[in-house]
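# Structural features, examined
One letter stands for each residue in the lines below.
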Amino acid sequence: MQAGYDGRQVVGMDLHRRRSVLVRMTEAGDRLDTVRIDNDPIALGREIAKAGEHPDVVLEATYGWYWAADVLAEAGAAVHLAHPLGVKGFAYRRVKNDVRDAADLADLLRMGRLPEAWIAPPEVRELRELVRHRAKLVALRSGLKASVHAVLAKQGVRIALSDLFGLGGRELLAAAPLDGAFRGRDSLCRLIDAVDFEIDALTKPVRSRLAGHRGFTAIQAIPGVGPVLAAVFIAEIGEVDRFAGPAQLTSWAGLTPRHRESDTTVHRGRITKQGSTLVRWAAVEAAHCAARTGWLATTRTRIGERRGRNIATVAVARKLLTLVFYGLRDGHIRALTQARKAVA
């Protein structure tokens, strides 16, 4: 403890679900105070006020960090978000506790060695929550539909219809010869209808938020990218200017090969899959649709003949994400304009 210190303070915060630990120290690394508080905005604001004006505060991007970052920012603190993969080494210490974690975060920050994650502004986080909730509902609906197909398979019933969950398909499902226990699975269709309603209710506010976004219109010109995937790209990527170029964006999305190098030995493996799962899924989904016709289909075929279909799909997804970068940055994609002129 040091009384009377009036310099800039560095605060490390180990955030948990119910309680958190804050360690305040000087820029030289001398510890000033250690306190454990209940997770409450008032308690956090009262405690961070002891750190003086505009302290540097670091917390890990862990469960429920939104509220803490907002409270700290409103209190005038410079908030830094530690990337979980960058501080993964904390788990291998012989002594690991909340106080050590908070102190180590503060030490990394004051020494300039903190692996930081981007703190999205509140409006971007709100859009993300809408897009992510919709994606979870779509995944839930897919699981329900798979359960309906499983019921039919167990009963040996085959309905020769492409859209099993349309109007005609629902009539055939209602008349399907199912045993008593399986006939009770009609609840699956009712749940699908309920989830459909919730998905439609989320689609409208997402589109209204992106109505004036120039990048939203620009990236829909990319083959395979519609309103839903465009919303995913904008929400998850956020401010595209934080990336120096498309190579950094594809690496952040986990679509680049893993690289391990030591002396003269170099290993390049599968893609890292580190980053936004939704962005990676959206890029691959768009690649499947875009590779049916046009120059992307030629690219996928050419690479697939040499490396296989999966590697070709990932390569096309990287090209698509490159186009997304320029579309979000510039509001238009010159490469697509040139390709259309060449075809014409």
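Per chain, the residues get numbers from 1 upward, laid out in the order the sequence is written. Under the rules for a predicted model, residues below a pLDDT of 70 receive no local features and side-chain atom pairs below 80 are neither given nor counted, while totals for whole chains, interfaces and linings still include all residues. Derived side-chain values reflect all non-hydrogen atoms in the structure, with water molecules and hydrogen atoms excluded from consideration.

For the rest of this paragraph, the subject is the overall build of the protein. Runs of E in the DSSP output that reach at least two residues are strands. Runs of H or I that reach at least four are helices, and both are numbered from the N terminus. Along the backbone of the protein there are 14 helices and eight strands. Only protein chains enter the calculation, and the probe is 1.4 Å; a residue is then buried if its accessible area is under 20% of its type maximum, exposed if over 50%, and partly exposed in between. When each of the 344 residues of the protein is scored for burial, the buried share is 40%. Sequence-distant contacts in the protein: of pairs separated by 6 or more residues, those separated by 24 or more amount to 57%. Charged side chains in the protein number 52 positive and 37 negative. The centres of these two groups are separated by 9 Å. Two residues form a contact once any of their heavy atoms are found within 4.5 Å. His residues and chain termini do not enter the charge count, which takes Lys and Arg as positive and Asp and Glu as negative. Here the site of a charge means NZ on Lys, CZ on Arg, CG on Asp, or CD on Glu.

Turning our attention to helix α1 (residues 41–48). Side chains of residues three or four places apart in an α-helix project in the same direction, reflecting 3.6 residues per turn. Among all positions in α1, only Ala43, Leu44, Glu47 and Ile48 are buried. Summarising the axial view, the buried residues of α1 lie within an arc of 125°, below the 170-degree limit, and thus occupy one face. Exposed residues lying more than 90 degrees from the buried face of α1 are Ile42 and Arg46. Looking at the packing, one finds that the buried side of α1 touches β1 (9–15), β2 (19–26), β3 (31–38), β4 (56–60) and α2 (66–74). The N-terminus of α1 is capped by Asp40, whose side-chain oxygen sits 3.1 Å from the backbone nitrogen of Ile42. The directions from the helix axis to the C-beta atoms form the arc being described. Between N or O atoms, a polar contact is any pair within 3.5 Å; within protein, one atom must be a potential hydrogen donor and the other a potential acceptor, and residues adjacent in sequence are included only when both atoms are from side chains.

With that settled, the discussion passes to unusual backbone geometry. Backbone geometry at His54 places phi at a positive 50°, although glycine is not the residue there. For His54, a relative accessible area of 46% translates into the label partly exposed. The backbone of Lys273 sits at a positive phi, close to 55°, despite the residue not being glycine. Looking at the element boundaries, Lys273 is found in the loop between β8 (265–271) and α11 (277–290). Judged by relative accessible area, Lys273 falls into the exposed class, the value being 56%.

Any empty space left between atoms is shown by rolling a water-sized probe over those atoms. Think of a 1 Å grid over just the protein atoms. A cavity is a set of points where a 1.4 Å probe fits yet cannot get out, a pocket is an open set with protein on both sides within 12 Å along at least five of seven lines, and lining residues have an atom within 4 Å of a point. Grid points are joined across faces, edges and corners, and a volume is the space filled by probe spheres set on the points. Enumeration over the complete set of coordinates arrives at one cavity of 30 Å³ or more. Val148, Val151, Leu152, Leu173, Leu178, Phe182, Arg183, Arg185, Asp186, Leu188 and Cys189 are the residues that line the largest cavity. Sorting the residues of the lining of the largest cavity by element identifies α4 (122–155), α6 (180–183) and α7 (187–209) as the ones contributing at least two each. With three residues, the top contributor of residues to the lining of the largest cavity is α4. Under the grouping applied here, Gly and all other residues not named as nonpolar or charged are polar, the nonpolar ones being Ala, Val, Leu, Ile, Met, Phe, Trp, Tyr, Cys and Pro and the charged ones Asp, Glu, Lys and Arg. Per-class residue counts for the lining of the largest cavity are eight nonpolar, no polar and three charged.

Relative to the helices and strands, Asp104 is located in helix α3 (residues 98–110). With sequence-adjacent residues up to four places away left out, Asp104 is seen in contact with Phe90 and Arg93.

This brings us to the nonpolar core. Judged by nonpolar contacts, the single largest core of 59 residues is most densely connected at Ile222, Phe233 and Ile237. Put simply, the parts of the chain that give this core at least two residues each are α4, α7, α8 (214–219), α9 (227–237), α11 and α13 (309–330). Looking at this core, the element that brings in the most residues is α13, giving nine residues. Listed in part, the 18 residues of the second largest apolar core include Leu15, Ile48, Trp65 and Val71. Put simply, buried Ala, Val, Leu, Ile, Met, Phe, Trp, Tyr and Cys residues joined by side-chain atoms within 4.5 Å make one nonpolar core.

What counts as a salt bridge is simple: a side-chain nitrogen of Lys or Arg found within 4 Å of a carboxyl oxygen of Asp or Glu. Across all of its chains, the model carries 14 salt bridges by this definition. For Glu236, the salt bridge identified is with Arg132, shortest N-O distance 2.8 Å. Of the two residues, Glu236 sits in helix α9 while Arg132 sits in helix α4, which places them 104 residues apart along the sequence. When its relative accessible area of 3% is taken as the criterion, Glu236 is described as buried. Note that Asp193 and Arg170 form a salt bridge whose closest N and O atoms lie 2.9 Å from each other. In this pair, Asp193 sits in helix α7 while Arg170 sits in helix α5 (residues 167–174), placing the two residues 23 residues apart along the sequence. Relative accessible area serves as the criterion here: at 39%, Asp193 is assigned to the partly exposed category. Three or more residues are tied together by salt bridges with common partners; here these are Arg93, Lys96, Asp101 and Asp104.

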